[in-house]
Amino acid sequence: MIDAFATVAELARALRAREVSSVELTKFFLARLEKHGAALGAIVTLLPERALREAAAADADLASGNTQNRPLLGIPYGVKDLLAATGGPTTYGAEPYRHQVLDYDAAVIEKLRDGGAVLVAKLAMVELAGGFGYDNADASFTGPGRTPWNTKFWSGGSSSGPGAAVAAGLVPFAIGSETSGSIVTPSAFCGISGMRPTFGAVSRHGAMALSWTLDKLGPMARTAADCNTIYGVIAGEDERDAATARVFPSGHASWVNSDVMARPANKRTLRVGLPKGAWDHVQPAVRDNFLRGVAVLESSGHTIAEIDYPDFPYGPAISVIVDAEGASAFEEILRDGRAKTLRAKADQLGGFESAATLAIDYIRAQRIRVKIRRALLDVFANVDLIVAPTRSTVAYPIGVDFSEVYKEVKSGPAVIPSMNLLGAPAVALPNGFGENGLPTSIQLNAAPANDVLLMNAAIQFQLATDHHTKHPRGFD
Amino acid sequence: MSHTSRRRFAQSLAAAAAVMPLTALAETREASPAMAKALTELVRAEYGKHLDAAELARIEKDFADAAPALERLRAFKLGNEDSLP
């Protein structure tokens, strides 16, 4: 009997032990996607023909012993529907691209395919990855994504389908994308583990562009260990994405020279910095669960210290950058008016507003970004990790504008936008539950190029906790 | 991008504008409606055939609402030595 909530590592062991075949796993997860996917607003397109072909090939490799350095061989997975893939449309979650066919595989899918993983589905997402400024959960032609913990609430964005599908056991793992929060937020709202790699660590060839200077791709899975395994498969230099040349092959993020980068990944005792104010005005359960998580880090031998977080206009800077680059990326649907067919009213108009971003403001934001990077790297000179609640609240209710709920809650330092401006890696880990039975989450951030150090710390956290082993009811 | 979109940024950072020097704040308040109107005219000139009057009015309001956040960005001191990445 197949466990829908088995980890990638457990499934890989079962495949190698011939307890199950890849074709059986693939049929099992395709059936679960079929049964639960639409109700969660989690799927765009199922790919049964492609998946069964890849699964049969994986089974042949398993039988012949062609398994070395292929930890994902035979494992089914899904991708956010902004990655080009043969076998179905690539919709960007947006009406104007609903019938777009890109007849090639994105670099990430190439790597997963070569590693023997089995693509079963293109998963739902907020239209255009939220680039036009959506203000409620109903912002995709597939409807709102729903967290399986309580389907009256949002699965988060913009990687809404990957979050919900992994949490409900519809796929063992998925690939999401983040420009500013789009992996860590749905990971938090769906109670799964999600990794945002260093900017440039994973090729974006074949991925929808929203912001060339901010977009990242990363894994979303049940555990940090699974994320680390998937990251090992998808990371690497690719001449088709110039950003990867900044990180590889030297192993250092050459775009900012600093000795805080690429610390020894096996460093055991880490200095953990907690930004002052990060938990003062969050929801009570978010605060309590966060402080319990900090205690776990401390009991693991790490040193904990509160830190002053540099004061910069993080929000306005990242907003202007996304506005300007996003308006350029989607200029075609502004010019021909198709932007008006987007689902959310805010998105229908937001792109036109973005297109009026002044060049001097965009350049100013990028120049401020240089100062932001220096200031944050100075912080990382004294700490190995910056740790905070991933979100200040649990998931938002569906059917209500974001601005109309949780008004009593105030965010602390803008950790998510600041770390994205830096290009730093992060991981979101479940750390308990809050209002309405919804999960809460803790985020760990490291200096750029310290992805493995970061993931080692995350794996250690999950060895000491069991939040990642909890699963929503109704999806067994 | 997360749901904390630019318009939500604008709302959350409106409070930050309160710590700006009073003179700067006063200038912002006077400049915002004019800037919002000018930017809306730009949108109308480029994309007006796709937008009706109500939508243009909404766009103008959005520009006005976003002005404090933008002013915070513009208030950040940069010198000639501060370069692009």
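As shown above, the structure is provided for reference.
The rules we used
- All chains use their own residue numbering, which begins from 1 and follows the written sequence.
- Labels are handed out in written order, letters beginning with A for the chains and numbers beginning with 1 for the ligands.
- Local features are withheld for residues below a pLDDT of 70 in this predicted model, meaning they are given only at 70 or higher, and side-chain atom pairs are given and counted only at 80 or more; totals for whole chains, interfaces and linings count all residues.
- Side-chain figures throughout are based on the complete set of non-hydrogen atoms in the structure, without hydrogens or water.
- In plain words, nonpolar cores are sets of buried Ala, Val, Leu, Ile, Met, Phe, Trp, Tyr and Cys residues tied together by side-chain atoms within 4.5 Å.
- Per-residue accessibility, obtained with a 1.4 Å probe over protein chains only, is compared with the maximum for each type, and a residue is labelled buried under 20%, exposed over 50%, and partly exposed between these values.
- In DSSP terms, a helix is any run of H or I states spanning at least four residues, a strand is any run of E spanning at least two, and both are numbered starting from the N terminus.
- The contact criterion used throughout is that any non-hydrogen atoms of two residues lie within 4.5 Å.
- One requirement defines pairing of two strands: DSSP has to find at least two bridges between them.
- A helix's residues, less one, multiplied by 1.5 Å, set its expected span.
- The directions from the helix axis to the C-beta atoms form the arc being described.

Q: Sorry if this is basic, but what is going on with the nonpolar core here?
A: Looking at soluble globular proteins, one finds that nonpolar side chains tend to be buried together. All names here are of chain A. In this structure, L112, F173 and L385 are the most contacted members of the largest nonpolar core, which totals 122 residues. Top element by residues in this core is helix α12 (residues 359-380). It accounts for 8 residues. Not counting residues up to four positions away in its chain, the partners in contact with F173 are V8, L72, I75, P76, Y77, G78, L112, A117, V166, M220, A221 and I230. If you look at the next biggest cluster of nonpolar residues, it comprises 44 residues, including I43, A55, A165 and A167.

Q: I'm lost on the pairing of strand β4 (residues 173-178) of chain A in this one. Help?
A: Residues in a regular strand project their side chains so that they alternate between the two faces of the sheet. All names here are of chain A. When you tally the buried positions in β4, you get 6 out of 6 residues, the bulk of the element. Judged by which residues are buried, β4 turns out to be covered on both faces: F173, I175 and S177 on one side and A174, G176 and E178 on the other are all buried. Taken together, the 2 bridges between strand β2 (residues 76-80) and β4 define a ladder with parallel strand orientation. The partner of V79 across the bridge, within β4, is I175.

Q: Honestly, helix α8 (residues 284-299) of chain A in this entry has me stumped. Any pointers?
A: Turn by turn, an α-helix covers 3.6 residues, leaving residues three or four places apart pointing in a common direction. Residue and element names in this part refer to chain A. The terminal C-alpha atoms of α8 lie 23 Å apart, and with 16 residues this matches the ideal 22 Å at 1.5 Å per residue to within 8%. Among the residues of α8, those classed as buried are V286, N289, F290, G293, V294, V296 and L297. The arc that holds the buried residues of α8, viewed along the axis, is 155°, so those residues lie on one side. Looking at α8, the residues exposed on the side facing more than 90 degrees away from the buried face are R292 and S299. The elements touched by buried residues of α8 are β7 (271-275), β8 (303-307), β9 (385-389), β10 (426-433), β11 (439-446) and α14 (451-463). A positive phi of about 105° marks G301, the residue just after α8.

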